[in-house]
2 protein chains.
Amino acid sequence: MTAQSLYTLESWKQLMARAEVMNQPQHHLKRLIADPNRLSAFSLAAADVFFDFSRQRIDATALALLFELARTRGLQEKFAAMTQGEKLNITENRAALHTATRDFSSNSLYLDGKDILPELREVNRRIKDFSDQIHDGTIRGSTGKRFRHVVVIGIGGSYLGTEFVSTALKSYADQNIDLHYLSNVDIHNFGAIIQEIDPEATLWLIISKSYTTPETLANESLARAFMAEKGIDPSKHIVTVTAKGSPGDDPANPVLQSFNMFDFIGGRYSVCSAVGAVPLSLYLGYDIFERFLKGAEAMDSHAVHSPIHENIPLVAALLAIWNNNFLKYPAQAIIPYAAPLAKLAPHVQQLNMESNGKTVNTDGIFLNEPCGPIIFGEPGTNAQHSFFQLAHQGRAFPIEFIGVIHPQYPKYQSLSKGVTNHQELWANLLSQPMALATGKDDADPARCFSGNRPSSTLILKDLSPESIGKLLSFYEARTVFEAFIWGINPFDQFGVELGKVLAGKIRQEMADRNMDSAHSLDSTDATTRFYMEMLFSG
Amino acid sequence: MTAQSLYTLESWKQLMARAEVMNQPQHHLKRLIADPNRLSAFSLAAADVFFDFSRQRIDATALALLFELARTRGLQEKFAAMTQGEKLNITENRAALHTATRDFSSNSLYLDGKDILPELREVNRRIKDFSDQIHDGTIRGSTGKRFRHVVVIGIGGSYLGTEFVSTALKSYADQNIDLHYLSNVDIHNFGAIIQEIDPEATLWLIISKSYTTPETLANESLARAFMAEKGIDPSKHIVTVTAKGSPGDDPANPVLQSFNMFDFIGGRYSVCSAVGAVPLSLYLGYDIFERFLKGAEAMDSHAVHSPIHENIPLVAALLAIWNNNFLKYPAQAIIPYAAPLAKLAPHVQQLNMESNGKTVNTDGIFLNEPCGPIIFGEPGTNAQHSFFQLAHQGRAFPIEFIGVIHPQYPKYQSLSKGVTNHQELWANLLSQPMALATGKDDADPARCFSGNRPSSTLILKDLSPESIGKLLSFYEARTVFEAFIWGINPFDQFGVELGKVLAGKIRQEMADRNMDSAHSLDSTDATTRFYMEMLFSG
């Protein structure tokens, strides 16, 4: 299954031809959606999620070809194999078992001859006990205070997913614990957080699989210095989430608790592992976290068991391929009409762009063209008042709209212009895809809308923990389905290595200069040396 | 000066040819930067800002052609005319005088025969008095409490710039006032804020030029209902920033204070007007706000007076055109290595995409190709751990890196791996542009880096109010310079109108249905009706 064979597939070649047809004026979206059966033919409903792709620039012929492509590429077989522990992360010889973290129904799941479910469940049981004991005051800080602040020290996949979920479920946070994210090595991140915490009531949660991430170690070092200054015992205030045997799991360096993460779950897929379980259980309570897991499990089950033409994340992945490789859109926006989903786009930005921003297939053969889109987004209606000018009249890009039927604050129902705030939100959610699709002619060119701008609309019943779990699983499944079509490995990230290596060399030069102000920087290139001198003499 | 003439300009045609040359392997960035004079030849310093474009895919020939293009398009004349009040917003017959809000040096500035500077300065004097009186407790809430919370009700340009500045200058906020942004009509935005405020100590600041923005009015309506429920007199808790004579400036509807905004300053350029002045003075104190204005004035002065080849925002605009129209990059990322600049990208996203996401030039002639890039970004090093996989090995896009020499928290200097956090941050800031430019070969295709990925690096001395003012003005000037090259109007936004019209129709249907549950929705299209039924029966 090579990239070569991808481009020579019959369905691929026919899709190329079909895209040319769809680019002709008679297939303008305003014509496609004039069909009274359009919505029912181009929408799906499952697991309390409604997915409407009637305003994508696609017709029945193209859709059938995409289904054929999915069959040819063995998407469902690959997805099932992933959930069963096959080592699809071939460059690192690892499985990708994020779905196992929310598997409540299986009796066993063997990896390298060992059933991993008991161990995963034991981690969760310990997290439940630990968070319960924090909440009931059994476990307290070294001066006897109850914990009121949790600072998550972790970067990338160690916090982005958790931040998405904690923001989405903020209204469920009734444990009297504030959650802070110390991700950036920038001293300002640390400086801002220590203004907001009571050191005696603060738990520092350090998340790093290898426990070698420079940013995370630098921030741990600051946290320890801060605790020392405040007379606080770090062994009573630090919790680690890390791989077994890492420097963060070292008995010589005692911490309050340490929870394991595993190499069969990658960072950007790790929200349902201890990476998310510890902070989210502390913030929301373990029971809410478990409801979130059950939502994810429901969407996993849908992704594994539904046939291609009924499979929501799979169809969403096919549409992404269609927009990327055939209609040639370079970017995709995610616009949730729900303020609590403000951190969804940053999470999916990592999940999708780090997974699929690749140029090499799993056979080590270069692709003919870049595969992953640029993902960005802000909540609606905010986005309408920000960059939607460009969406309507500038460079076109596909949009994924997200709506929620039931808001979490039903109490506030005062009317403005005859509607509630939630109805006003929906009036906009419904108008935008239609305006983008249909456009409008005008005698004044500045007031012309060319239309034909594609979008999907995904509707959630509510913003319950279950719904947020479904949304998380939807984007995870969609991302790996896309990768399986392209034939790339969505679980490695060698693209971040070169910058790390160069940063390591520069760091060493700086460290040498810190030790010896006469240390010469001449071994570095002229530009880097110029900037180092700027910083040291600054 | 039409789009037609743009594409037939000699410099334009030569730039097209030069781009083809620059796409050849011998002009790979790793070769360009091997020149020991590269940095000095492709960098600028002014107003304590250093701008390095040595890692853009450009050579002296292309740069000279871009300068020629700038001369031909009369960029400096247009920019000067803008600051003098010429009505460059021709579709709305308005001037674009955001620079006047920070003009401390001119004696007069006539618009339609009237000197506008006295009026602008009088608004600021009133804002200073008002914020001083809030801070010293002269003005208090209706139950006698001092104000501790300001909720800004406004959307798009009424808050994005202010949010950028208030986030950047948070460490200067010593007035004991928390700032909250109620922008989204989503009830969750309101619901989350009322958890965090003391209603007796809360000032509601309603910002809308026309005072007809549906989201803003809906949120004002909620705020009034909330105050009524809490027994608070809204006339002592509401402040408006709006145009003279708007419904928000109506003596029949008394408020604590009302400050004027003017139609010669557009929303996305309005941070330095009362739109930003009121919330930022309340949050930071007027003196800090004035320092911010003075920084903006310094960069304005640089943009007006520097020759083309020394003009930082102008050169940045030329590079954006080069990347967009000639090298065909569809997007641009802004990556500040500074956590306080976390809201810069969302602000520039609006500023640039709403200004330049156009398809029609000022003569009403359609452009040959879309002009504005998609703008997105997150702070570094966070972005490295999120979407930089794609930046290095996937679809290429130009990046604007931003660094800061002096952090605001010099106290924390503990070393990790031999360097401070700020040095670690810089090690990454320096390594990324180099890794993107040079790339690296490897026997393993999955570990190959093609390099040749362009970036600029902009260095600020510090994160003082002055520096933030310079940064704001830099992006404003750059945006309008880009527009002047394309020959488009960066001050209108007709692209958002169609969605508003459709939303208005849907809102009316919902309002009718609220009044009469038997109201038929049959006049709407089938898809919209389907969704309305979903919401009403939800």
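Computed from a predicted structure; not experimentally measured. (Residues numbered from 1 in each chain as written. Chains lettered and ligands numbered in written order. Predicted model: local features only at pLDDT ≥ 70, side-chain atom pairs only at ≥ 80, totals over all residues.)

### As for the overall build of chain A
Tallying secondary structure elements over chain A gives 19 helices and 13 strands in all. Expected size for 538 residues packed as a compact globule is a radius of gyration near 24 Å; at 25 Å, chain A falls within 12% of this value. Overall size of chain A, expressed as C-alpha extent along the three principal axes, is 75 × 60 × 60 Å. Scored against the burial criterion, the 538 residues of chain A give a buried share of 59%. (Helix = DSSP H or I, 4+ residues; strand = E, 2+ residues; numbered from the N terminus. Rg over C-alpha atoms; globule rule 2.2 N^0.38 Å. Buried ≥ 20, exposed ≤ 12 C-beta atoms within 10 Å, placed from the backbone.)

### Notes on the relation of the copies chain B and chain A
Of the transformation superimposing chain B on chain A, the axial component is 0.0 Å and the angular component is 180 degrees, with the fit at an RMSD of 0.0 Å. Those values place the two copies in the arrangement expected of a two-fold rotation axis. A share of 100% of the interface residues of chain B reappears at the interface of chain A, consistent with the copies meeting face to face through the same patch. (Least-squares fit on C-alpha atoms with pLDDT ≥ 70 in both. Contact = placed C-beta atoms within 7 Å.)

### Points about the sheet that holds strand β2 (residues 49-52) of chain A
Residue and element names in this part refer to chain A. If you walk across this open sheet you meet the 6 strands as β1-β2-β13-β12-β10-β11, and the pairing is mixed. For this open sheet the edge positions go to β1 (43-46) and β11 (374-376), each flanked by a neighbour on one side alone. Between one strand axis and the next, the sheet turns by 15 degrees as a mean value, whatever way the strands run. Across the sheet, helix α16 (residues 421-438) is in contact with β12 (399-406) and β13 (455-462); its angle to β12 comes to roughly 155 degrees. (Pairing = 2+ DSSP bridges. Axes fitted to C-alpha atoms, helices over the stretch in contact; angles between N-to-C directions.)

### Focus: the domain arrangement of chain A
All names here are of chain A. Per the domain assignment, the segments of chain A are domain 1 (3-72 + 306-492), domain 2 (98-290) and domain 3 (495-537). The distance between the C-alpha centroids of domain 1 and domain 2 comes to 33 Å. On the domain 2 side, the residues contacting the 18 residues of domain 1 number 19 residues. Elements with a minimum of two residues in the side of domain 1 that touches domain 2: α14 (344-356) and α17 (465-486). Tallying contributions element by element places α14 first for the side of domain 1 that touches domain 2, with 7 residues. (Domains from an automatic or database assignment.)

### Notes on the packing of helix α6 (residues 75-83) of chain B against helix α17 (residues 465-486) of chain B
All names here are of chain B. Contact geometry for α6 and α17: axes closest at 10 Å, N-to-C directions at 125 degrees. Relative to α17, the element α6 lies oblique. Between α6 and α17 the crossing geometry is right-handed. Judged by residue contacts, L75, K78, F79 and M82 of α6 engage V480, F481, F484 and I485 from α17. Among the residues making up the contact of α6 with α17, the classes are represented as 7 nonpolar, no polar and 1 charged. (Parallel < 35°, antiparallel > 145°, perpendicular 65-115°, else oblique. Left-handed = near helix turned anticlockwise from the far one by under 90°. Nonpolar A, V, L, I, M, F, W, Y, C, P; charged D, E, K, R; others polar.)

### Things to note about the sheet that holds strand β13 (residues 455-460) of chain B
Residue and element names in this part refer to chain B. Across the sheet, 6 strands lie side by side as β1-β2-β13-β12-β10-β11; this open sheet has mixed pairing. Strand pairing shows two members of the sheet lacking a second neighbour, β1 (43-46) and β11 (374-376), which therefore form its edges. Within the sheet, the average angular offset between the axes of one strand and its neighbour, ignoring direction, is 15 degrees. Two strands pair when backbone bridges link them, and strand β10 (residues 331-336) and strand β12 (residues 399-404) are joined in this way by 4 bridges, in the parallel orientation. Residue A333 lies in a different strand from β12, and its bridge partner there is I399. Against the sheet, helix α14 (residues 344-356) engages β10 and β11, with an angle of about 165 degrees to β11.

### Some details on the pairing of β1 of chain B
Residues and elements named next belong to chain B. As paired strands, β1 and strand β2 (residues 49-52) are joined by 4 bridges and run antiparallel to one another. Residue pairing across strands places A46 opposite V49, the latter belonging to β2. Between β1 and β2, which pair antiparallel and follow one another directly, the connecting turn spans 2 residues, one of which, A47, has a positive phi of 55 degrees.

### What to know about the environment of A225 of chain A
Residue and element names in this part refer to chain A. When you line up the elements, A225 lands in helix α10 (residues 214-229). Residue class for A225 comes out partly exposed when judged on the 15 C-beta atoms lying within 10 Å of it. Sequence separation of A225 and N325 is 100 residues, and the distance between their C-alpha atoms is 51 Å.

### A closer look at the interface of chain B and chain A
Contacts between the two partners involve 114 residues from chain B and, on the opposite side, 115 residues from chain A. Contributing elements (two or more residues each) for the side of chain B that touches chain A: α9 (187-194), α10 (214-230), α14, β11, α15 (388-393), α16 (421-438), α18 (497-515) and α19 (526-537) of chain B. Looking at which element gives the most residues to the side of chain B that touches chain A, the answer is α16 of chain B, with 13 residues. Grouping the amino acids of the side of chain B that touches chain A by side-chain chemistry returns 59 nonpolar, 43 polar and 12 charged.

### Some points on α18 of chain B
Residues spaced three or four apart along an α-helix face the same direction, because each turn holds 3.6 residues. Helix length check: α18 of chain B, at 19 residues, gives a terminal C-alpha distance of 27 Å against a target of 27 Å (1.5 Å per residue), a fit within 8%. By the burial criterion, the buried members of α18 of chain B are L498, G499, L502, A503, I506, R507, E509, M510, A511 and R513 of chain B. On the buried face of α18 of chain B, the contacting elements are α15 (388-393) and α16 of chain A together with α19 of chain B. (Expected span 1.5 Å × (residues − 1).)

### Considerations on the environment of W12 of chain B
All names here are of chain B. With respect to the secondary-structure elements, W12 resides in helix α2 (residues 10-22). Residue W12 is classed as buried on the basis of its 20 C-beta neighbours within 10 Å. C-alpha of W12 to C-alpha of F79: the two residues are 67 residues apart in sequence and 21 Å apart in space.

### Section: the confidence of the model for chain A
On average, residues of chain A score 96 in pLDDT, and 99% of them are at 70 or above. As scored by the predictor, the complex reaches a pTM of 0.97 and an ipTM of 0.96. (pLDDT = per-residue confidence, 0-100.)

### Concerning the packing of helix α18 (residues 497-515) of chain A against α16 of chain B
Relative to each other, α18 of chain A and α16 of chain B sit at 135 degrees, their axes nearing to 8 Å. Relative to α16 of chain B, the element α18 of chain A is oriented oblique. In this structure, the crossing between α18 of chain A and α16 of chain B has a hand that is right-handed. Between α18 of chain A, through L498, G499, L502, A503, I506, R507 and M510 of chain A, and α16 of chain B, the contact on the second element is made entirely by Q423, E424, A427, N428, L430, S431, Q432, M434 and A435 of chain B.

### Here we look at unusual backbone geometry
Note the cis peptide between G380 of chain A and T381 of chain A, where omega equals 5 degrees. At N452 of chain A, a position not held by glycine, the phi torsion is positive, near 60 degrees. Assessed through the 20 C-beta atoms surrounding it within 10 Å, N452 of chain A is described here as buried. In the Ramachandran plot, K328 of chain B falls in the positive-phi region, its phi being about 70 degrees despite a non-glycine side chain. The residue K328 of chain B is located in the loop between α13 (312-326) and β10 in this model. The exposure class of K328 of chain B is exposed, given the 11 C-beta atoms found within 10 Å.

### Focus on the nonpolar core
Formed by 345 residues in total, the largest nonpolar core has its most connected members in V152 and L205 of chain A together with V152 and L205 of chain B. If we skip the residues at most four places from it in the chain, V152 of chain A touches Y159, T162, L179, H180, Y181, L182, L205, I207 and P279 of chain A. (Core = buried A, V, L, I, M, F, W, Y, C linked by C-beta atoms within 7 Å.)

### Regarding helix α11 (residues 274-284) of chain B
Residue and element names in this part refer to chain B. Burial within α11 is extensive, with 11 of its 11 residues counted as buried. Where α11 is concerned, the buried positions are A274, V275, G276, A277, V278, P279, L280, S281, L282, Y283 and L284. G285, located one to two residues past α11, shows a positive phi value of around 95 degrees.

### Digging into the pairing of strand β6 (residues 178-182) of chain A
Residues and elements named next belong to chain A. Summarising the sheet, strand β5 (residues 149-153) and β6 pair through 5 bridges and their orientation is parallel. Directly across from I153, in β6, lies its bridge partner L182. Traced from β5 through helix α8 (residues 160-168) to β6, the parallel crossover comes out right-handed. (Right-handed = clockwise from strand over helix to strand, strands pointing away.)

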